[in-house]
Amino acid sequence: GDCDLYNSYPGCHVLAPHLIGDGDCNDYPPYNTADCGFDGGDCDLYNSYPGCHVLAPHLIGDGDCNDYPPYNTADCGFDGGDCDLYN
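Rules behind the numbers
Residues numbered from 1 in each chain as written. Predicted model: local features only at pLDDT ≥ 70, side-chain atom pairs only at ≥ 80, totals over all residues. Heavy atoms only, no water. Helix = DSSP H or I, 4+ residues; strand = E, 2+ residues; numbered from the N terminus. Contact = heavy atoms within 4.5 Å. Buried < 20%, exposed > 50% of the residue type's maximum accessible area, 1.4 Å probe, protein only. pLDDT = per-residue confidence, 0-100.

Describing the side chain of Asn66
Stage number 1. Positionally, Asn66 belongs in the loop between α3 (44-47) and α4 (77-80).
Stage number 2. Excluding anything up to four places from it in sequence, Asn66 contacts Leu59, Tyr71, Asn72, Asp79 and Cys83.

A look at the environment of Gly37
Stage number 1. Considering the arrangement of structural elements, one finds Gly37 in helix α2 (residues 37-40).
Stage number 2. Take Gly37: its relative accessible area is 15%, and that puts it in the buried class.
Stage number 3. As a C-alpha pair, Gly37 and Gly11 span 26 residues in sequence and 9.7 Å in three-dimensional space.

Remarks on the confidence of the model for the protein
Stage number 1. The predicted model of the protein averages 94 in pLDDT, with 98% of residues at 70 or higher.
Stage number 2. The element-level mean pLDDT for the protein is lowest in helix α1 (residues 4-7), coming to 83, with α4 highest at 98.

In structure tokens form, the structure reads like this:
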């Protein structure tokens, strides 16, 4: 059902379990933690850029080039690869 992914993280305690594994990185505790599977895997790409600090991590690697800093920078993998054709 809808909670299968959330229930696979027994140490994960969040107010909105539907956000776990919904495709958007919620880059704040308790979602982006090991106990919650780094938001059910949603933050894996964002977490692969440790020097990347953005207000909207769900924009990293979303398929649209955000051609402005800090997104389109080496620290953020040029928007998670979204801007590779433009650079």
